[in-house]
Amino acid sequence: MPATPHLRGSARRFGSGRGVILDPLQRYAAAATASSAVVIRSYSTSFGLACRLLGPSIRPDIENIYALVRLADEVVDGAAAGAGLPVDAVSAQLDRLERETFAALECGYSTNPVVHAFAQTGRKVGIGHDLVAPFFASMRRDCETSSHSSESLGEYIYGSAEVVGLMCLQAFLAGANPSAAELGVMTESARRLGAAFQKVNFLRDLGQDSAELGRKYFPGVDARHLNGRQKGELVADLRADLDAAVPGLELLPHSSRRAVALAHALFSELTDRLDACPAEVLVTTRISVPPGVKARLAAAALLGRTPTRPASWMPEGAA
């Protein structure tokens, strides 16, 4: 067809003398990855800051993973509804995104740049349906469920957060050869860190999720009547997850350890601030970490400081 050689010629002229990748698929993949980075920077300053500490070979893969997560999150958390879509149409959009993602993982291409970037990373590091399907199942629950039992919350957090940690671990360990024991520790830590991140967000957004989205994630907790005892129990639970993430963090390759340490530090700091905030204020105020504190934590992580291993992990008889 006449259009094909014309497009090829355009590709050659576009790249000539500019150091641009000449292969059309590679150039599209580079643009798709760049779009994922834009998505991340647009939505999360903390995550964007942590990503800067990743090794340059790993950073695009982590941004690709989180950009798809953000894309799905926006479908169910307001962007689609803001466009006037009713609940069934929002669900249909999520279903479509899931089908596009599975298809791209299978064939290696999508017309959606964020999906394409995710698929390139997934195919490279081995992210499969076993992790992607639970993620979309949890996103779908936000269209169908307004409250949770302890069992359903555990399933939701696994799909919405823990599997994301496992996807990132796949990227962190690409080309590495950890022992089975080390992989087991890192897998458990990745899940617990993902769970902690999600629970922190649930607690921080408790009032907003209830008032604007009609959601109650924590069983038995009503944002309108949150008390200090309930808040203390929630904080203790998420701190247990943060503590459980430390052993695996220490085993990560250097290319990812500092970034994960910073993410851990940022959410630990946020947890401390949530703990210090009175319950009645927490449900009406979105607590955040000030930029100056973020910079201090980033500097510490850059110097190689990692979270302190909790006392429960110390060898028996240690001082």
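Since we're looking at a predicted model, the values are computed, not measured.

The rules we used
Residues numbered from 1 in each chain as written. Predicted model: local features only at pLDDT ≥ 70, side-chain atom pairs only at ≥ 80, totals over all residues. Heavy atoms only, no water. Axes fitted to C-alpha atoms, helices over the stretch in contact; angles between N-to-C directions. Helix = DSSP H or I, 4+ residues; strand = E, 2+ residues; numbered from the N terminus. Parallel < 35°, antiparallel > 145°, perpendicular 65-115°, else oblique. Left-handed = near helix turned anticlockwise from the far one by under 90°. Contact = heavy atoms within 4.5 Å. Nonpolar A, V, L, I, M, F, W, Y, C, P; charged D, E, K, R; others polar. Phe/Tyr/Trp six-rings, centres within 6.5 Å; stacked < 30°, edge-to-face > 60°. Buried < 20%, exposed > 50% of the residue type's maximum accessible area, 1.4 Å probe, protein only. Core = buried A, V, L, I, M, F, W, Y, C linked by side-chain atoms within 4.5 Å. Expected span 1.5 Å × (residues − 1). Polar contact = N/O pair within 3.5 Å; in protein donor to acceptor, adjacent residues only side chain to side chain.

**Some details on the packing of helix 4 (residues 59-76) against helix 9 (residues 150-172)**
Inference 1: Here helix 4 crosses helix 9 at 160 degrees, and the two axes come no closer than 9 Å. Here helix 4 is positioned roughly antiparallel relative to helix 9, judged by the angle of their axes. Judged by the twist between their axes, the crossing of helix 4 over helix 9 is right-handed. Each of D61, I62, I65, Y66 and V69 in helix 4 lies in contact with helix 9, whose residues at this interface are V164, M167, C168, A171 and F172.
Inference 2: Considered class by class, the residues forming the contact of helix 4 with helix 9 number 9 nonpolar, no polar and 1 charged.

**Some thoughts on the packing of aromatic side chains**
The relation between two aromatic rings is expressed through the spacing of the ring centres and the mutual angle of the planes.
Inference 1: Scanning the entire structure with this criterion turns up 8 aromatic pairs.
Inference 2: Judged by centre distance (6.0 Å) and plane angle (35 degrees), the rings of Y156 and F202 are tilted. Of the two residues, Y156 is situated in helix 9 and F202 in helix 10 (residues 180-204); the sequence distance between them amounts to 46 residues. Across this residue pair, the class does not change: Y156 and F202 are buried.
Inference 3: Seen in terms of ring centroids, F202 and Y217 are 4.0 Å apart; in terms of plane orientation they differ by 10 degrees. Their pairing is stacked. Separated by 15 residues along the polypeptide, F202 in helix 10 and Y217 in the loop between helix 11 (206-213) and helix 12 (228-244) bring together distant segments of the chain.
Inference 4: With relative accessibility at 5%, the residue F202 sits in the buried group.
Inference 5: Overall, the relative accessible area of 6% leaves Y217 in the buried class.

**Quick word on the nonpolar core**
Inference 1: I62, I65, F135, M167 and L262 are the most contacted members of the largest nonpolar core, which has 89 residues in total.
Inference 2: The greatest single-element share of this core, amounting to 12 residues, is contributed by helix 9.
Inference 3: Setting aside its immediate chain neighbours within four residues, F135 contacts V69, A72, G159, S160, V163, V164 and M167.

**Description of helix 11**
Because an α-helix completes one turn every 3.6 residues, residues spaced three or four positions apart along the sequence face the same direction.
Inference 1: All of the buried residues in helix 11 are L206, G207 and D209.
Inference 2: In this structure, the buried side of helix 11 is in contact with helix 10.
Inference 3: G214 lies just past helix 11 and shows a positive phi near 70 degrees.

**Concerning helix 12**
Inference 1: Helix length check: helix 12 (17 residues) gives 24 Å between terminal C-alpha atoms against 24 Å at 1.5 Å per residue, within 8%.
Inference 2: Here helix 12 has its buried residues at Q230, K231, L234, V235, L238, D241, L242 and A244.
Inference 3: Its buried side turned inward, helix 12 meets helix 10, helix 13 (246-249), helix 14 (254-276) and helix 15 (279-282).
Inference 4: N-capping of helix 12 is provided by N227, with a side-chain oxygen placed 3.1 Å from the backbone N of R229.

**Considerations on the side chain of E269**
Inference 1: For E269, the location among the structural elements is in helix 14.
Inference 2: Residue E269 is classed as buried on the basis of its relative accessible area of 16%.
Inference 3: Apart from the residues lying within four places of it in its own chain, the contact partners of E269 are V289, V293, R296 and L297.

**Describing the environment of H225**
Inference 1: Its place among the elements puts H225 in the loop between helix 11 and helix 12.
Inference 2: Residue class for H225 comes out exposed when judged on its relative accessible area of 57%.
Inference 3: As a C-alpha pair, H225 and A279 span 54 residues in sequence and 8.8 Å in three-dimensional space.

**Topic: the environment of L54**
Inference 1: For L54, the position within the fold is in the loop between helix 3 (45-51) and helix 4.
Inference 2: Linking L54 and F172, residues 118 residues apart in sequence, is a C-alpha distance of 9.5 Å.
Inference 3: Beyond its immediate chain neighbours, meaning those up to four positions away, L54 contacts R59, I62, F172, S255, S256 and A259.

**A closer look at the side chain of K231**
Inference 1: Considering the arrangement of structural elements, one finds K231 in helix 12.
Inference 2: Here K231 falls in the buried class, since its relative accessible area comes to 6%.
Inference 3: Within polar-contact distance, the side chain of K231 engages the backbone oxygen of C277 at 3.1 Å.
Inference 4: In this view, K231 contacts L226, L274, D275, A276, C277, P278, A279 and L282; residues no more than four positions away in its chain are not counted.

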